Amino acid sequence: MAKDPESLLVSTLQAAAQNWGVFDWNGKVQQWDISHAQTKEARELSLAARKQLADDTKQFKKSVKTVETAGANLQAANNDETSTATVKAIEALAKSCRVTIKAYQEEIDNLTRRCKSAEGAFADLTKQLGDVPDPTQIIVSALDHIHVQHVQLQQLQQLVKDLQTENASLEKRVQQQPTAVASPTSSGLSRAEKEELLQLRKEVAEYEAEFRSL
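Keep in mind that what you see is a predicted model, and the values were worked out from it rather than measured.

Cut-offs used in this document
Residues numbered from 1 in each chain as written. Predicted model: local features only at pLDDT ≥ 70, side-chain atom pairs only at ≥ 80, totals over all residues. Heavy atoms only, no water. Helix = DSSP H or I, 4+ residues; strand = E, 2+ residues; numbered from the N terminus. Buried < 20%, exposed > 50% of the residue type's maximum accessible area, 1.4 Å probe, protein only. Contact = heavy atoms within 4.5 Å. Areas by Shrake-Rupley, 256 points an atom, 1.4 Å probe, with all protein chains shown as cover. Lys, Arg positive; Asp, Glu negative; His and termini not counted. Salt bridge = Lys/Arg side-chain N within 4 Å of Asp/Glu carboxyl O. Polar contact = N/O pair within 3.5 Å; in protein donor to acceptor, adjacent residues only side chain to side chain. Phe/Tyr/Trp six-rings, centres within 6.5 Å; stacked < 30°, edge-to-face > 60°. Lys NZ or Arg CZ within 6 Å of the ring centre and 35° of its normal.

Caption draft 1: Broad picture of the overall build of the protein. When helices and strands are tallied, the protein shows six helices and zero strands. Burial analysis of the protein (214 residues in total) assigns 18% to the buried set. Looking at the protein alone, contacts between residues at least 24 apart form 71% of all its contacts between residues at least 6 apart. Carbon and sulfur atoms form 57% of the exposed surface of the protein, whose accessible area is close to 15,800 Å².

Written out as structure tokens, the structure reads:
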């Protein structure tokens, strides 16, 4: 059997409130703050490590240059095949070192840019989410409001039913004594009773209109 729209809405909101409660919004916000602080600390350490790495790289380049110079001097001093082979090996090694150093420097720069971009996006996202209220409380408030409206609706339904019953009773009395309606001085309903009947009709109509507007 299909649920009515109100029951379906309540069930959906209850499930959503339960899921968000398990998610623990406020706890996640605290975790994000901790992660942001840890990321900032790691970024500072990484910056110091990159500076040290840059110094080591400069020193390594100097060492490669020294080896190249030594190879050139060796070739100038000796022209035998062994010296030539050694010089070629030194030149090949120096070239390979230069290519490797350039490649890893470019990759480090790429990784640094991606890391900064990801950290910035994470920081912006967590800041925006941290400013948003916990959805659980909003959903629970909505459920409470729906419950109050449901209770009010039931009360109105009962009130309309009671007024309709009372109105039907007075209508029956009027029908049983038609002369009482035509003349306030007749032996049927008194003027006060007639006024009460008219007031009841008016109240029933008002409550029915309010009931339909819910």
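Caption draft 2: Geometry of unusual backbone geometry. Here Asp24, not a glycine, exhibits a phi torsion of approximately 60 degrees, which is positive. Residue placement: Asp24 occurs in the loop between helix H1 (5-23) and helix H2 (25-77).

Caption draft 3: Looking closely at the environment of Glu206. Looking at where Glu206 falls in the secondary structure, it is placed in helix H6 (residues 191-213). Measuring from C-alpha to C-alpha, the distance between Glu206 and Val160 comes to 9.4 Å, with 46 residues separating the pair along the chain.

Caption draft 4: The arrangement of the side chain of Asp134 in detail. With respect to the element layout, Asp134 can be found in the loop between helix H3 (81-130) and helix H4 (135-176). Look at Asp134: it is buried, it has no salt bridge, and the nearest opposite charge is Lys28 at 11 Å. Within the structure, the side chain of Asp134 is placed 3.0 Å from the backbone nitrogen of Thr136, a separation counted as a polar contact.

Caption draft 5: Quick look at the pattern of salt bridges. Summed over the entire model, instances satisfying the criterion amount to four salt bridges. Between Glu107 and Arg114 there is a salt bridge; the shortest N-O distance is 3.7 Å. The exposure class assigned to Glu107 is partly exposed, which follows from its relative accessible area of 38%. On the accessibility criterion, Arg114 (49% relative accessible area) is partly exposed.

Caption draft 6: The arrangement of the packing of aromatic side chains in detail. Counted according to the given criterion, the structure contains four aromatic pairs. An angle of 65 degrees between the planes, with centres 5.7 Å apart, marks the rings of Trp20 and Trp25 as edge-to-face. Overall, Trp20 belongs to the partly exposed group, its relative accessible area being 31%. Relative to Trp32, the ring of Trp25 lies with its centre 6.1 Å away and its plane at 80 degrees, an arrangement referred to as edge-to-face. Across from the ring centre of Phe23, 4.7 Å away, lies the NZ or CZ of Lys28, which sits over that ring.

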